[in-house]
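Read off the chains here:
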Amino acid sequence: MRCGRFTCRVLPGLMLLVALTLSAGTLAAQSGPPYSGYANVTYSTGTGDDDYIDDVTIRRGSTTLLQNLNTGGAGSPYNTYYGSLGSANLVPGQQHSIDVTITQQWPEYISAWIDYNNDGDFLDSGENLINTMYLTTGSSGTINFTPPSGVGGVLRLRLQCVYGTSSHTPNGSYTYGEVEDYLVNLGFAISTPSQLPSGAEQQPYNATISATNGVTPYSWNTSISGLPPGVTASQSGNDLVLSGTLPAGSAGTYNFTVSASDSDSPASNASKPFSIYIDPPPAAMPFIDDFSTDTGWNLGTGWERGSATAFTGNTSVGPTRTEPGSDNSPTSDNMILGHDIGNDYGNGLSPVYANSPPINCSGATNVQLRFYRWLGINSGDTAKIQVTNNGTTWTDVFDNGTGGVNTPSNQQWEFVAYDITSVAAGNAVVHVRFVLGPTDSSIVNVGWCIDDLEIRDPGPPLEVREGGLTGTVITDNEAVGGLRDFGIVNTSTQAPLQIGLINNGVAAIDLSGFSVNSKTGANPGDFTLQLAGVPASLPVGSSCTFTIVFYRTTTGVSTATIQIPHNATGSGTSPFDINVKGEAVQPIPYIQVDQTVSGGTNIPHQSSPTGTPRDFGQQDVNAGPTAEITIAVTNVGTGTL
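If you're wondering where the values come from, they're calculated on a predicted model, not measured in any experiment.

Parameters and conventions
Residues numbered from 1 in each chain as written. Predicted model: local features only at pLDDT ≥ 70, side-chain atom pairs only at ≥ 80, totals over all residues. Heavy atoms only, no water. Helix = DSSP H or I, 4+ residues; strand = E, 2+ residues; numbered from the N terminus. Phe/Tyr/Trp six-rings, centres within 6.5 Å; stacked < 30°, edge-to-face > 60°. Buried < 20%, exposed > 50% of the residue type's maximum accessible area, 1.4 Å probe, protein only. Lys NZ or Arg CZ within 6 Å of the ring centre and 35° of its normal. Pairing = 2+ DSSP bridges. Axes fitted to C-alpha atoms, helices over the stretch in contact; angles between N-to-C directions. Polar contact = N/O pair within 3.5 Å; in protein donor to acceptor, adjacent residues only side chain to side chain. Contact = heavy atoms within 4.5 Å.

Let's talk about unusual backbone geometry
Thought 1: The peptide bond linking M285 to P286 adopts the cis configuration, its omega dihedral lying at -5°.
Thought 2: Between G437 and the following residue, P438, the backbone shows a cis peptide bond with an omega angle of 5°.
Thought 3: Looking at where P438 falls in the secondary structure, it is placed in the loop between β34 (431–436) and β35 (449–456).
Thought 4: Positioned with a positive phi, N118 is a non-glycine residue whose angle comes to about 55°.
Thought 5: A positive phi is found at N213, a non-glycine position, where the angle reads about 65°.

As structure tokens, this is what we get:
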């Protein structure tokens, strides 16, 4: 055991159990990979106990390409990006070396990665240069590596120092150590990632391919074999543009190679394989999937659409965990979407995806993802939900590192909703994907189970309806009209109006400030609020009602504004204003006389019976009573007759 003034450390071979709470971070943003966008490695102590990289030299043979000496221990969050040093110029296909020195008192494990495909992580095959190199106290070591042919441009290199742990991931969670990130330059290259934005049948397609690190202007080969039907290539400035409209029946994957040259003397040449996935025609909103049928999800390794299955894994180790034995749906299909249904996910898992079919959100102004989940994910492992409108740029809408599910869920189906308006609204081809991984080398859990998924335009987060929950939607501060105009009401008579509140949003709505005194205007005292059904917090997907009662003891017109304080965005101002009006009149009786039935032929006062059934004509007095007629007398006034 290692003990210092404020620390106690376990050396390899000994054990110390410590409960840690960890969180994820992100390097400061600049303009995307390789300059920004990389997840930090999380350290709880970091360099605070002298665990760090002191000297770094990148070289090719005896030629020094980049050097960073005597850096000492960086402060929290212990992830340092040395982009200001410029880039080390590497040559694809030739061996290079990274010399690493530690001068502190503790031995360290060193790992290294290069993000060869420039996708913002170090998780792809071939990107790990070494895992791991062990350096004893105060020693140096060398990592030898050869960049593969066919890659180029400026890329991110990551060096990771960890005490006491020999198996590393490039965005895991540890106690002691630090990360140093550098830039490397592999020369003239086509810099756009090989997986181009996806398209969809019967929709326009457009993608731009760029090159970097050459002498401009660039020259592109526009005669490309293997492009999707309807798509052609053309040069625009120094870029290559693929554009066209994808015809019906063009769904599938298209692979092709793009080549370019620069204006150096002699010219440098670059080529790169690309792939475009074309979806079937996008599904219309609302998109609803209970997974009873195959709607076209693209499932990565371990993901499946299958029957809900209770957890059958090893319960003797790890946290208490379960998986559902039945789906959330009220139907009998019992089908869900999940990863390795009924079992744990694995250690050291690279990200695997469940990618939705395309959804057409072009006509939507608000878009929400709603579903039921049964999720178990451990600290140090990753579960995400991401959305794209172009097939390549994915936006996180949930990340367990920042979204808060680091332990098993409530061991039950739970409803969740996410606002994806900023990415989805107004776009004809939108995909949602569920992500599992990367996972670390320690404790596992059950991962994702998903059911009853919807992508829809739910309306405003706080929806207000007059006439109850199925009544007419009203907007904030809408002019008096509809049922909010109580019309003519007798004095000293109660006239009620029920108002419905619905939470269509993605978070609970705070209604704690709503009280019987939440009203203003000319005559607020003539309107009473009955709030027994209104909670302090209205959960997602829930609703409630309250009643406005108009009551006035004297004749006249009353107006007021009912004010609902809330914290829902996109629902007008806070408070939400409901304008109301009523007129009180003195009750007056009014007689209406009709023939046969009330509402029948009206008999005006003193009207002649001639030509009506009231004219009985001549009768034989010996014949007995005549045929009868019925007269209806109705009080159509407001007072007692």
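Right, picking up where we left off after that structure.
With respect to the packing of aromatic side chains
Thought 1: Scanning all chains against the criterion turns up 23 aromatic pairs.
Thought 2: Ring geometry for Y109 and Y134: centres 4.8 Å apart, planes at 50°, overall tilted. You can see Y109 sitting in strand β9 (residues 108–114) and its partner Y134 sitting in strand β10 (residues 128–135), a full 25 residues away along the chain.
Thought 3: Among the residues examined, Y109 registers a relative accessible area of 18% and is labelled buried.
Thought 4: Pairing F434 with W448 gives two aromatic rings, centres 5.2 Å apart and planes at 70°, and the pair type is edge-to-face. Pair noted here: F434 is in strand β34 and W448 is in the loop between β34 and β35, with a separation of 14 residues, a long-range link.
Thought 5: On the accessibility criterion, F434 (0% relative accessible area) is buried.
Thought 6: Accessibility expressed as a relative area gives 0% for W448, which makes it buried.
Thought 7: Its guanidinium or amino end placed over the ring of Y81, R156 lies 4.1 Å from that ring's centre, counting from NZ or CZ.

Some remarks on the pairing of strand β27 (residues 335–339)
Thought 1: Of all five residues in β27, five are buried; the element is thus mostly enclosed.
Thought 2: Residues of β27 alternate between two faces, with M335, L337 and H339 on one and I336 and G338 on the opposite face, all of them buried.
Thought 3: One ladder, built from five bridges, connects strand β26 (residues 303–307) with β27; its direction is antiparallel. Of the residues in β27, the one forming a bridge with W303 is H339.
Thought 4: One ladder, built from two bridges, connects β27 with β35; its direction is antiparallel. Each residue of the ladder has a partner; that of L337, found in β35, is I450.

What about the sheet that holds strand β5 (residues 63–68)?
Thought 1: Across the sheet, which stays open at both edges, the four strands sit in the order β5-β4-β8-β11 with antiparallel pairing between neighbours. Bordering the open sheet on either side are β5 and β11 (140–145), each of which pairs with just one other strand. Averaged over all pairs of adjacent strands, the angle between strand axes in this sheet comes to 20°, irrespective of strand direction.
Thought 2: Where strand β4 (residues 55–60) meets strand β8 (residues 96–101), five bridges bridge the pair, whose relative direction is antiparallel. Bridge pairing in β8 links T57 to D99.

Overview of the side chain of T421
Thought 1: Position of T421 relative to the elements: it lies in helix α2 (residues 421–424).
Thought 2: Of the residues examined, T421 reaches a relative accessible area of 18% and is grouped as buried.
Thought 3: Within the structure, T421 has its side chain in polar contact with the side chain of D419 (distance 2.6 Å).
Thought 4: Ignoring anything within four residues of it in the chain, the contact list for T421 reads T365, N366 and V367.

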